Amino acid sequence: MDTAALGLVPGTPLLGLIAFDSEPGHQSPDAVHLHRMLIFTGTDAVPVIERRDGRRTEAVVGRGDIVLFPAGTRAGLEWSERAQGIGITVDPATMSDFVRREMKVLVRGLCCEGETIVHDDALLAVAEALRDAVRPEGPGRKLIFDSMARVFLATLVRRRGVLSDAAAGMFGEDRWRMLVEHVGARLSGNVTPGEMARVVGMSESAFRRALRAATGLAPSAWLRGERVAATLPLLEQGHSLGEIAARCGFADQSHFTRTFKAAHGLTPSAWRRRGA
């Protein structure tokens, strides 16, 4: 299935998507100007050979594994077993415009944090939502896809974005990873700005300034976004809304539903039914 790219504004594609169910094959090691992602959705393990900038790496991928090729990387992939997945392309200039105008984040690009293949259940959940959004014909199809595309880009930037030099100078990528890991492990509890500041070795006032420089958000708003992002894989896995609310630190199911709808334009139940 290959879908036409939908526009952030007329004439400016937000992203491209293709779902694949492929026999053994390969993607040629070409240098392209787009960010490319291959997100594997099948349950069977698939042996692959990755060629990136002259290096050859053998690996085995499964559901939730992602091969991310930042723009300008000369890279390709071979797979020796049948594979299912989703391919996504994003134009760097379009992503930069999106994060600046809509997310108000200072990001200079994407990184793999030293890895060529990563595992990310949150990106998998949103990618499958994108795929499912284009399958049914009917009213609202393009609107739903456009909304899901924005959610995907926002999740991608949150998890794989590299801070701009200005933001990195105030906050630092190592401190950012420390913060995300700490908060992710404690979402079910009450995480305060003071606690987050201590984790990264800053005063609370300095932390607030650095976080706003990096994300455009106050600590409470940024933490709310992290809680919502953490609910996506749990929704895909079929957990009850009450359980998800408790695990991700919402006061109750109603609070979770209101916050999720404000972020994504759909209730959690509607999100779960999107592909039905």
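Residues numbered from 1 in each chain as written. Predicted model: local features only at pLDDT ≥ 70, side-chain atom pairs only at ≥ 80, totals over all residues. Heavy atoms only, no water.

1. Considering the overall build of the protein
And step 1. A count of helical and extended segments in the protein gives 11 helices and 12 strands.
And step 2. The buried share of the protein, reckoned over its 276 residues, is 49%.
And step 3. Considering only contacts in the protein between residues 6 or more positions apart, those separated by 24 or more positions represent 71%.
And step 4. Roughly 13,000 Å² of accessible area belongs to the protein as shown, and the carbon and sulfur atoms make up 51% of that amount. (Helix = DSSP H or I, 4+ residues; strand = E, 2+ residues; numbered from the N terminus. Buried < 20%, exposed > 50% of the residue type's maximum accessible area, 1.4 Å probe, protein only. Contact = heavy atoms within 4.5 Å. Areas by Shrake-Rupley, 256 points an atom, 1.4 Å probe, with all protein chains shown as cover.)

2. Focus on the environment of V183
And step 1. Topologically, V183 is positioned in helix α5 (residues 173-185).
And step 2. Linking V183 and V199, residues 16 residues apart in sequence, is a C-alpha distance of 9.6 Å.
And step 3. Not counting residues up to four positions away in its chain, the partners in contact with V183 are V191, M196, W222, L223 and E226.

3. Remarks on the pattern of salt bridges
And step 1. Throughout the structure, instances matching the rule amount to 10 salt bridges.
And step 2. The salt bridge involving R82 is made with D21; its shortest N-O contact spans 2.8 Å. Of this pair, R82 sits in the loop between β8 (74-79) and β9 (83-90) while D21 sits in strand β2 (residues 12-22), and the two are 61 residues apart along the sequence.
And step 3. By relative accessible area, R82 is classed as partly exposed at 45%. (Salt bridge = Lys/Arg side-chain N within 4 Å of Asp/Glu carboxyl O.)

4. Some remarks on the packing of aromatic side chains
And step 1. Scanning the entire structure with this criterion turns up five aromatic pairs.
And step 2. Aromatic pair F250 and F256: ring centres 5.2 Å apart, planes at 35 degrees, arrangement tilted. You'll find F250 and F256 in the same group, each marked buried.
And step 3. Ring geometry for F256 versus F260: centroids 5.9 Å apart, planes at 80 degrees, classification edge-to-face. Placement of the pair is F256 and F260 together in helix α10 (residues 253-264), with a separation of four residues, close to one helical turn.
And step 4. Given the relative accessible area of 0%, F256 is considered buried.
And step 5. Three or more aromatic residues joined by ring pairs make a cluster, and in this case those are F250, F256, F260 and W271. (Phe/Tyr/Trp six-rings, centres within 6.5 Å; stacked < 30°, edge-to-face > 60°.)

5. Notes on the packing of helix α2 (residues 121-133) against helix α3 (residues 141-160)
And step 1. One can describe the packing of α2 onto α3 by two numbers: an axis separation of 9 Å at closest approach and a directional angle of 165 degrees. Here α2 lies roughly antiparallel to α3, going by the angle between them. Like other packed secondary-structure pairs, α2 and α3 cross with a definite hand, here left-handed. Contacts between α2 and α3 involve A122, L123, V126, A127, A129, L130 and A133 on the former and, on the latter, R141, I144, F145, M148, A149, V151, F152, T155, L156, R159 and R160. (Axes fitted to C-alpha atoms, helices over the stretch in contact; angles between N-to-C directions. Parallel < 35°, antiparallel > 145°, perpendicular 65-115°, else oblique. Left-handed = near helix turned anticlockwise from the far one by under 90°.)

6. Re the pairing of strand β4 (residues 35-40)
And step 1. Buried residues dominate β4, accounting for six of its six residues.
And step 2. Bridge count for β4 against β9 is six bridges, and the pairing is antiparallel. Looking at the pairing, F40 lines up with G85 of β9.
And step 3. Relative to strand β7 (residues 65-69), β4 is paired through four bridges, and the arrangement is antiparallel. Paired with M37 across the bridge in β7 is L68. (Pairing = 2+ DSSP bridges.)

7. Some points on the nonpolar core
And step 1. Counting 43 residues, the largest nonpolar core has L15, M37, I88, L130 and F152 as the members making the most contacts within it.
And step 2. Ignoring sequence-local partners within four residues, the contact set of M37 consists of I66, V67, L68, I86, G87, I88, V90, F152 and L156.
And step 3. Membership of the second largest hydrophobic core comes to 16 residues, among which are W176, A197, A206 and L223. (Core = buried A, V, L, I, M, F, W, Y, C linked by side-chain atoms within 4.5 Å.)

8. Some details on α2
And step 1. Here α2 spans 18 Å end to end across 13 residues, near enough to the 18 Å set by a 1.5 Å rise per residue.
And step 2. For α2, the tally of buried residues reaches 12 of 13 residues, placing the bulk of the element in the interior.
And step 3. Every buried residue of α2 is listed here: A122, L123, L124, A125, V126, A127, E128, A129, L130, R131, D132 and A133.
And step 4. Two or three places before A122, at the start of α2, stands the capping residue D120, its side-chain oxygen 3.1 Å from that residue's backbone nitrogen. (Expected span 1.5 Å × (residues − 1). Polar contact = N/O pair within 3.5 Å; in protein donor to acceptor, adjacent residues only side chain to side chain.)

9. Concerning the environment of G16
And step 1. Mapped onto the secondary structure, G16 falls in strand β2.
And step 2. By relative accessible area, which is 17% here, G16 ends up buried.
And step 3. Separated by 20 residues in sequence, G16 and R36 place their C-alpha atoms 9.5 Å apart.

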